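Structural overview for review
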Amino acid sequence: MLNELHPQAARIAEALKARREKIAVADGATGGLIGAALLTVPGALKFYVGGGIVYSLRGREVLFGLPDEAFAGMRSATPEYALMQARAIRDNFGADWGIAETGSAGGSKHPMGVASGISCCAVVGPGVELTRVTETASDDRIGNMQLFTRAALDLLESAFA
């Protein structure tokens, strides 16, 4: 899969490098594939500052550094939730851009009740805030992870168009 994602990741990397900007990534149901795709590009330190996989409340606390109150009344896998995460990962890592994905890849029950096959991604950067909801209506965990990653990279690439 990373071989398939590499050409797009390389285009994103070139856009970031041309702008002299950097990105931070918060993977959720994508399980690290967004970050991994970007890291297939040699010299990633020039455009990638870090990130992590948000897979628990503790992970959310550490990566975003937001108080519990910030999440009050929010539902997982929504545009608002993804935007808050994208802003927080960008700010916590001192990046110009942030991308966050939140959803349910399937195969097991989501702790917040999100149905399998739903993902929401957000991209924030200089003058840009974009979101995208992807629904597959599938419980195919691996297939969903791949589709959610592609959707996230598509959204990110569109931010530079």
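Above this text is the structure in question.
Report follows, based on the coordinates. Keep in mind it's a predicted model, so treat the numbers as computed, not measured.

Let us look at helix H3 (residues 57–64). For H3, the full list of buried residues reads Gly59, Arg60, Leu63 and Phe64. For H3, the angular spread of the buried residues around the axis is 100 degrees, confining them to a single face. Summarising the geometry of H3, the exposed residues directed more than 90 degrees from the buried face are Leu57, Arg58 and Val62. Next to the buried residues of H3 lie strand S1 (23–27), strand S2 (48–53) and helix H4 (79–93). Gly65, located one to two residues past H3, shows a positive phi value of around 60 degrees.

Moving on, we get to the sheet that holds strand S5 (residues 128–135). In spatial order, the strands read S2-S1-S3-S4-S5; together these five strands make up an open sheet with mixed pairing. If you trace the sheet from one side to the other, it starts and ends with S2 and S5, each paired once. Across the sheet, the mean angle from the axis of one strand to that of its neighbour is 10 degrees, orientation sign disregarded. Sheet analysis places strand S3 (residues 97–104) next to strand S4 (residues 118–125), joined by seven bridges and oriented antiparallel. For Glu101, the partnering residue across the bridge sits in S4 and is Cys121. Together, S1, S3, S4 and S5 form the strand contacts of helix H5 (residues 141–158), whose direction differs from that of S5 by roughly 155 degrees.

The rules we used
- Residues numbered from 1 in each chain as written.
- Predicted model: local features only at pLDDT ≥ 70, side-chain atom pairs only at ≥ 80, totals over all residues.
- Heavy atoms only, no water.
- Buried < 20%, exposed > 50% of the residue type's maximum accessible area, 1.4 Å probe, protein only.
- Helix = DSSP H or I, 4+ residues; strand = E, 2+ residues; numbered from the N terminus.
- Arc of directions from axis to C-beta.
- Contact = heavy atoms within 4.5 Å.
- Pairing = 2+ DSSP bridges.
- Axes fitted to C-alpha atoms, helices over the stretch in contact; angles between N-to-C directions.

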